[in-house]
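Each chain, written out:
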Amino acid sequence: PLFRKRSEITADITGRLTESVGGIRILKIYVAEDRERRIFAEGTERLFKNIAGTLTGTSAITAFGTAIVGALGVLIMIIGGRAILTGAMTLGDLIMYTFFVGLMAAPVVQIANIGTQVSEAFAGLDRVREILDMPTEDQEDASREPLPTVEGSVAFRDVTFAYEEGAPVLKGMSFEVPSGSTVALVGSSGSGKSTIISLVMAFNHPQQGQVLVDGKNIETLRLREYRAKLGVVMQDNFLFDGTVADNIGFAKPGATREEIEAVGRIAHVHEFVDRFEQGWDTVVGERGVKLSGGQRQRVAIARAILADPRILLLDEATSSLDSESEALIRDGLHRLRAGRTTFVIAHRLSTIESADQILVVEHGEIVERGTHRDLLALNGRYKLLHDHQHGAELDQFINPGEDFTVPQTQG
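Residues numbered from 1 in each chain as written. Predicted model: local features only at pLDDT ≥ 70, side-chain atom pairs only at ≥ 80, totals over all residues. Heavy atoms only, no water.

Engineer: An account of the sheet that holds strand S3 (residues 182–186) is needed here, citing residue identities and associated values.
Structural biologist: Reading across from one edge, S6-S7-S8-S3-S9-S10 is the order of the 6 strands in this open sheet, with mixed pairing throughout. In the strand order of this sheet, the two ends are held by strand S6 (230–233) and strand S10 (365–370), each with one partner. On average, each strand axis in the sheet is inclined to that of its neighbour by 15°, with strand direction left out of account. Note that strand S9 (residues 357–362) and S10 share 5 bridges and pair antiparallel. Counterpart to Val-361 in the pairing with S10 is Ile-366. Contacts from helix H5 (residues 193–200) reach S3, S6, strand S7 (311–315), strand S8 (341–345) and S9, with the element oriented near 150° to S8. (Pairing = 2+ DSSP bridges. Helix = DSSP H or I, 4+ residues; strand = E, 2+ residues; numbered from the N terminus. Axes fitted to C-alpha atoms, helices over the stretch in contact; angles between N-to-C directions. Contact = heavy atoms within 4.5 Å.)

Engineer: Tell me what's going on with a nonpolar patch on the surface, and back it up with residues and numbers.
Structural biologist: Among the surface-exposed residues, Leu-72, Val-74, Leu-75, Ile-78 and Ile-79 lie close enough to one another that they form a single nonpolar patch of about 430 Å² accessible area. Positionally, Leu-72 belongs in helix H3 (residues 33–86). (Patch = residues over 30% accessible without salt bridge, like charges linked within 9 Å, V, L, I, M, F, W, Y side chains within 5 Å. Areas by Shrake-Rupley, 256 points an atom, 1.4 Å probe, with all protein chains shown as cover. Salt bridge = Lys/Arg side-chain N within 4 Å of Asp/Glu carboxyl O.)

Engineer: Which residues make up unusual backbone geometry, and what are the values?
Structural biologist: Positive phi outside glycine occurs at Asp-214, with the angle close to 55°. The exposure class of Asp-214 is partly exposed, given its relative accessible area of 24%. (Buried < 20%, exposed > 50% of the residue type's maximum accessible area, 1.4 Å probe, protein only.)

Engineer: Pulling in residues and values, what's your account of the packing of aromatic side chains?
Structural biologist: For the coordinates displayed, the defined rule picks out 4 aromatic pairs. An angle of 65° between the planes, with centres 5.9 Å apart, marks the rings of Phe-272 and Phe-276 as edge-to-face. Among the residues examined, Phe-272 registers a relative accessible area of 2% and is labelled buried. On the basis of relative accessibility, which here comes to 24%, the residue Phe-276 falls in the partly exposed class. (Phe/Tyr/Trp six-rings, centres within 6.5 Å; stacked < 30°, edge-to-face > 60°.)

Engineer: Explain the pattern of salt bridges to me, using residue names and the numbers behind them.
Structural biologist: This model, assessed by the stated rule, comprises 11 salt bridges. Note that Arg-157 is salt-bridged to Glu-176, the shortest N-O span being 3.0 Å. Taken as a pair, Arg-157 in strand S1 (residues 154–164) and Glu-176 in strand S2 (residues 167–177) lie far apart in primary sequence, 19 residues in all. A salt bridge links Asp-281 to Arg-257, with the nearest nitrogen and oxygen atoms 2.8 Å apart. Here Arg-257 lies in helix H8 (residues 257–266) and Asp-281 lies in the loop between helix H9 (270–273) and helix H10 (293–307), a separation of 24 residues in the sequence. Overall, Asp-281 belongs to the partly exposed group, its relative accessible area being 40%.

Engineer: Can you explain H5? Please cite residues and give values.
Structural biologist: At 3.6 residues per turn, the α-helix brings residues three or four places apart onto the same side. In terms of burial, H5 is largely enclosed, as 7 of its 8 residues are buried. Among the residues of H5, Lys-193, Thr-195, Ile-196, Ile-197, Ser-198, Leu-199 and Val-200 are the ones counted as buried. Positive phi shows up at Ala-202, right after H5, with a value of about 65°.

Engineer: Which residues make up H8, and what values do they have?
Structural biologist: Listed in full, the buried residues belonging to H8 are Ile-260, Val-263 and Gly-264. Within H8, the buried residues cover an arc of 105° as seen down the axis, which keeps them to one side. Buried-residue contacts for H8 involve helix H7 (244–249), H9 and H10. Remark: His-268 follows H8 within two positions and exhibits a positive phi of approximately 60°. (Arc of directions from axis to C-beta.)

What follows is the structure, given as structure tokens:
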């Protein structure tokens, strides 16, 4: 148990330390260095006490074994000395006997050390076994329906989903997205828009209802084959510690430099890459730390374009772009959307006016649906969002698309 607990404490400390280093700027901004130092010190103190307890037990066993061997040696000397005095044993016999006893006692002393190593090994094996026994989401892919092609039509049928029991995020939601069309999801934060995207990506599955792709329940499809047909640009995009070209080419192993640079031009990546001394071979750093938020966003968009997906998921894809950059890549995104089923989440309503269908989501339910013109004519929640955003941008000196609170109204 002590060795198992040590591995758990070590994992906790290492995980917290990794988070602290990764979020060092946030720690410094909020002057939380002392707090994190205290948490780390408490963790290391727990680890020290565990190691001290382990070493105390090991040392006690070793000392006990050594004492037994020492006592055995003294006993041999006393008995052997008397035997020599009485003539029952010669001095050579005693020396040879003592030598053989020593050869046998040394391995006995090592048993304590071997026992410690075996205990540590079994503790590690328990942790490894837990991980190996955890079910993987694609372990049943071989028995699922193959998916050679995807047309891209998506439908939700009475979908109910909750992260915590008794607190549904989506409530009996139903809608259809024809192949090749664009659907925009609009609503306040926490209304369930990102959850819809997560269900389409099959990262979560509904407690009730079905998510259908080309008329097939997504839970019956082979996930690896299905996700190969997806392209995703999230609000917070992850970049690997490689070059700009490597991060774009990640979506398509074996892609040529010409292909990478071509999609980079569509996403206007070349505009900032050309200013770097190493160009496309510039290392972006861990999580793309050497690039600005807008630059990381453009690299992620280029990566999605290179993947050539059938279903495209844009979760605030232009949230980190200024108005000029957004205008530059809007054309590229429009071309990317052509012929693909596209889900768009955007607070900037100007970016979704061309969507084939707009769903206004509030509290896990679709309260309005239709085109931009239809919803404006409806004079409901969407019209309220549109008017408040437009008015705030003009009158309150808020940059286009910046988040702000829209007051709730009755009805």
